[in-house]
Structures are given as C-alpha cells and as structure tokens.
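The residues making up each chain are set out below.
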Amino acid sequence: MVRTLTRRQSIQSSRSFHINRTPENSARRQQQQQQNLIPDCNDVVHVADNLQSRSIDTRNTEDQSMEHQNAGESAERPQSDMEQMKERFAKLLLGEDMSGGGKGVSSALALSNAVTNLAASIFGEQGKLKPLAPERKERWRKEMDWLLSVTDHIVEFVPSQQKSKDGTNMEIMVTRQRSDLLVNIPGLGRLDTLLIETLENFGQEKEFWYVSKNDDQENENNQRDEKWWHPIVKVPANGLSEKSRRWLQSQKDSISQVLKAAMNINAEVLSEIEIPESYIDSLPKNGRASLGDSIYKSITVEYFDPAQFLSTMDLSTEHKVLDLKNRIEASIVIWKRKMHQKDGRSSWGSGISLEKRELFEERAETILLLLKQRFPGLPQSALDISKIQENRDIGHAILESYSRILESLAFTVMSRIEDVLYADSLAQTSSPPARSEMSPVTDEDAARLSSSETPTLSDFMGWI
C-alpha cells in the first residue's frame, strides 16, 4: 500500500515537471528560428547570385526544350502521308457525305470516284508528250497503292490439300484473293507502268516541240482535231528524221496494244455488272422505238453489212456517235430481255420470232463493237454510267475505274503521238526532204523497232 502511493506521487511529480518545461522550450525554439531567419549581408548576396544562375539555367532549359520540340515536329512531318490516307479512307467510309448523315453514295461508287478523281488530278488533259513531274508520279504510285490495298482483303474460298500428323491428306477450304482481282490487278499494274515509262521516253526528245496558239496564230488551222486549247506541235521545216519517225510509230503501236488490253478488261468487267432496274424502266417497249425507223430497217434487212451501215450514218460529231451507241445498247438489252422473258403475256412480248431477234441482236453487237474500235475515246454510254452508279461490288468498281482511266490515258497519249505524226506529214507535204538528209536506218534497226519495242496484245495479256 505504501509502495503504491509512493509510485503515484512520483508519476504526478514527473508530469508536472514536463508541463512546466514546455513553455520554456517553445519560447527558446521560436527565438532560435527568428535568429535563423535573419541572414547577414553575405548570405543575401549569395542567395541572389544563386537565383540569377537558376533563372539563366531555367531559360537555357526552356530554349533546349523548344529546340527539341521543333525537332520533334520536323521529325513528325513525314506523318502527313498518314494524315492524307486517313482523309482518303474517311471519305470512302462516309460515302463522300462529310456531314456524316448517312446520305452518301455506296462504298463501291465512292472508291470508283476516288480513282477517277485521282487520275484527273495527276494526268489532267495531257496536252503534251512529256514525262510526269516526279512529285506527281510519286503521288500517283502512293495513292493508287492505298486504293488498291482494298483488293487484298476481297477473298474467296478455294479447296486446298493439307497433310495431317498421321500422314493422311485432307481437303480443306482456304481463302485466296478473288479470281478476277488476282488475274486483272497485276495486268493493269503492268499497263500502268508501261504508260508511265512511255511518257518518260519523251523527256529527251529534241525533234519536235510545242508552242501556244497565241505564239503561232498563222498555223492555227493546222491542228489535227477540234481541241483548240491544246498547244500546237512544231517540227523542223523538213519534217522529222526517218529514225525519229519510226521510233514514234513504234511508240504508237505499243500504246495501241495497251489501249486494246485496257478496253478488253473494262468491257469484260462491265459485262459482269448487272443491268440496273432503273435503266430497264427507262427503256421503250421495243427495239424499233429505241433505234428509230430508219436505223431499225437498216439492221433488219435480209442482207446486212455493218461497215456499209456505219458509212450511211452521220458520225461527224462525238455527240452523234454517242447517241447511236446509246440506241444500239438499249436495243440489245430489249431484245435480250425478250428472249429470256418467261411470261409470254408480258408487255415486252411481240410477234417477232426468237431466231430473228437473236439475229438482230448479233448485228447490233457487231455495230457496237465497230463503234468502240473506231472511236475508242468515246465518253461513257448511258448504260455504262447506270451500271457504275448502281454497282455495289467493290472489286468490280476498282477494276472498272482502273481500266477506264488507263484506257483514257492510253488513248490520249496515242492521240498526242498522232498529232506529231500529222505535223510531220504537213511538213513533208510542204517541203519534202532530200534523200541524202534522211538518217540511215539499217535492217537491224527496223527489226528492233518493229519487234522488240512494239509488244503485242498477247504480251500484255500474258498474265491470263
């Protein structure tokens, strides 16, 4: 009991001792802190120097960070290709409806328009025989690769053999690029490359040149076609040399084969696209109403000659040729539908026999083929436009648009070569060159120009 009371008194005395010491300690600490907060003059100068050096270091660090940022921005400038690709594919996904309201065109038509617009911006009117500018050629290759990359993902299932672990063969289905794309895309790429290389060949040409119409108004009527906005071709007074003339002819023959190959691919693709119902609804009830009485009688005579038929038609302007083509195509569609019409009581029916209708259709297709061969640079017909607009197959859209622009470019290049040859013929007529002034062409040169430099259609169609 005594020990317990003694321990309590000692604890209370120790607590009172700590309580009494606390104000003194806090006062001493505050006094020391106030003394530490008051620096002397030397310390003030040292602190100012430190602050100034820190501000300079901070400024240098900011300058360095700005330099690194500018360097980073310059390093990111090649990313503009990525931005362009995003913009192209955004337009394709939006169907050219930038409002995002879903009122755009189909993906197939948007892709077709993208290929067409790209070709128009790169090649334009192509009024001269000259190489493409390097930046244009690079852009053409780059953006066409973007658009054609879609075809890598258009596949079909094909059977294939696979060997299992126990050695037995099993037939499985694997994916492969669709057959029409697998065949035609590489071929169109070869035609594309050949056209670009042909234009490159005219980079060092010195025997002909171009002048504007304002600079040569006296020879304004010497233009070969009605495209007055094209520059005028000028050749030497005695015309081109024999070697240059043969070389130009070989380039023309080569481009002619490219034109035929592109036309064949385009015609094949268009034939595979279904005829839209909107086009069928716009047709008349029979072929006579579509062709007109005079054309219908010329086609349905007992003895028919397609060349003589075309000689009697007025084909003086592009508009008249296109109008005849539209009439012929419409009559072919009408006759084909009547031959395959199951309901004999339909309004499409008539009293003409099936054999005669087949004969008329064959004659109309022969006329159509002659028109395409004689006028390869014709604009698209009403049937072609309707098919392109209503088509929903993306593979067909790419093949059709790619082959169409190559066909147009090949025809344009061939026309420009013909302009030079026409100017050469005028110069020869006005002032025929002496025999001694002509460049000698050996048999070896002639064989080389006629064979090795002029590929045939089979050379271009060799991928089939």
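These numbers were taken from a predicted model, which means no experiment stands behind them.

**Some thoughts on the overall build of the protein chain**
1) Next: Summing up its helical and strand segments, the protein chain has 17 helices and four strands in all.
2) Next: Counting only residues that meet the buried cut, the protein chain has 34% of its 464 residues in that class.
3) Next: Within the protein chain, contacts between residues at least 6 apart in sequence are counted, and of these 76% link residues at least 24 apart.
4) Next: Counting every atom, the protein chain has about 29,200 Å² of accessible surface; 50% of that belongs to carbon and sulfur.

**Quick notes on the nonpolar core**
1) Next: Core analysis: the largest hydrophobic core is formed by 53 residues, its most contacted members being Trp140, Phe208 and Leu248.
2) Next: Contributions of two or more residues to this core are made by α4 (107-123), α5 (134-148), α6 (179-200), α7 (242-272) and α15 (394-430).
3) Next: Excluding its chain neighbours within four sequence positions, the residues that come into contact with Phe208 are Leu129, Phe202, Val233, Lys234, Val235, Leu240, Leu248 and Val420.
4) Next: Ranked by size, the runner-up nonpolar core spans 19 residues in total, among them Tyr296, Ile328, Trp335 and Ala364.

**Section: the pattern of salt bridges**
1) Next: A complete count under the given rule lists 22 salt bridges for this structure.
2) Next: Measuring nitrogen to oxygen at the nearest pair gives 3.8 Å for the salt bridge that ties Arg88 to Glu87.
3) Next: A salt bridge links Asp293 to Arg288; the nearest nitrogen and oxygen atoms lie 3.6 Å apart.
4) Next: Under the relative-accessibility criterion, Asp293 is labelled partly exposed at 47%.
5) Next: Salt bridges sharing common partners tie together Glu87, Arg88, Lys91, Arg139 and Glu143.

**A closer look at the packing of aromatic side chains**
1) Next: Enumeration according to the criterion identifies seven aromatic pairs in this entry.
2) Next: Taking 6.1 Å as the distance between ring centres and 50 degrees as the angle between the ring planes, the aromatic pair formed by Phe304 and Phe309 counts as tilted.
3) Next: Given a relative accessible area of 3%, Phe309 falls into the buried group.
4) Next: Here Trp335 and Phe360 contribute two aromatic rings whose centre-to-centre distance is 5.9 Å and whose plane-to-plane angle is 50 degrees, an arrangement assigned as tilted. With Trp335 in helix α12 (residues 318-339) and Phe360 in helix α13 (residues 354-374), this residue pair connects regions lying 25 residues apart in the sequence.
5) Next: Ring pairs connect the aromatic residues Phe202, Phe208, Tyr210 and Trp247, which therefore count as one cluster.

**Structural notes on the pairing of strand β2 (residues 169-177)**
1) Next: For strand β1 (residues 155-163) and β2, the ladder comprises nine bridges, and the chain directions are antiparallel. When the sheet's bridge partners are listed, Val158 is paired in β2 with Val174.
2) Next: Between β1 and β2, which pair antiparallel one after the other, the connecting turn spans five residues, and Gly167 there sits at a positive phi close to 95 degrees.

**What about the confidence of the model for the protein chain?**
1) Next: Of all residues in the protein chain, 70% have pLDDT values of 70 or greater, and the mean over the chain is 78.
2) Next: Looking over the protein chain, one finds the lowest element-wise mean pLDDT in helix α16 (residues 443-452), namely 42, and the highest in helix α14 (residues 382-390), namely 96.
3) Next: Across residues 70-76, where pLDDT falls below 50, the model places zero contacts with residues more than four positions away in sequence or in other chains.
4) Next: Segment residues 342-349: pLDDT under 50, and nine contacts once partners within four positions in sequence are set aside and those in other chains are kept.

Procedures and definitions
- Every chain begins its residue count from 1, and numbering advances along the sequence as written.
- Restriction of local features to residues with pLDDT of at least 70 applies here, the model being predicted, together with a cutoff of 80 or more for giving and counting side-chain atom pairs; totals for whole chains, interfaces and linings are based on all residues.
- Where side-chain values are given, they derive from all heavy atoms of the structure, hydrogens and water being excluded.
- Strands here mean DSSP runs of E at least two residues long; helices mean DSSP runs of H or I at least four residues long; both are numbered from the N terminus.
- Think of it in three bands: with a 1.4 Å probe and only protein chains considered, a residue is buried below 20% of the maximum accessible area for its type, exposed above 50%, and partly exposed in between.
- In this analysis, two residues are considered to be in contact whenever any of their non-hydrogen atoms come within 4.5 Å of each other.
- Per-residue and other accessible areas were derived by the Shrake-Rupley procedure at a 1.4 Å probe size, with only the shown protein chains allowed to occlude residues.
- Among buried residues, the Ala, Val, Leu, Ile, Met, Phe, Trp, Tyr and Cys ones that are joined through side-chain atoms within 4.5 Å form a nonpolar core.
- Within this document, salt bridges are pairs made up of a side-chain nitrogen of Lys or Arg and a carboxyl oxygen of Asp or Glu, the two lying within 4 Å of each other.
- A pair of aromatic rings is counted whenever rings of Phe, Tyr or Trp (Trp by its six-membered ring) have centres within 6.5 Å, and the orientation is called stacked for planes under 30 degrees apart, edge-to-face for over 60 and tilted otherwise.
- A pair of strands is considered paired only if DSSP assigns at least 2 bridges between the two.
- On a scale of 0 to 100, pLDDT captures the predictor's confidence in every residue.

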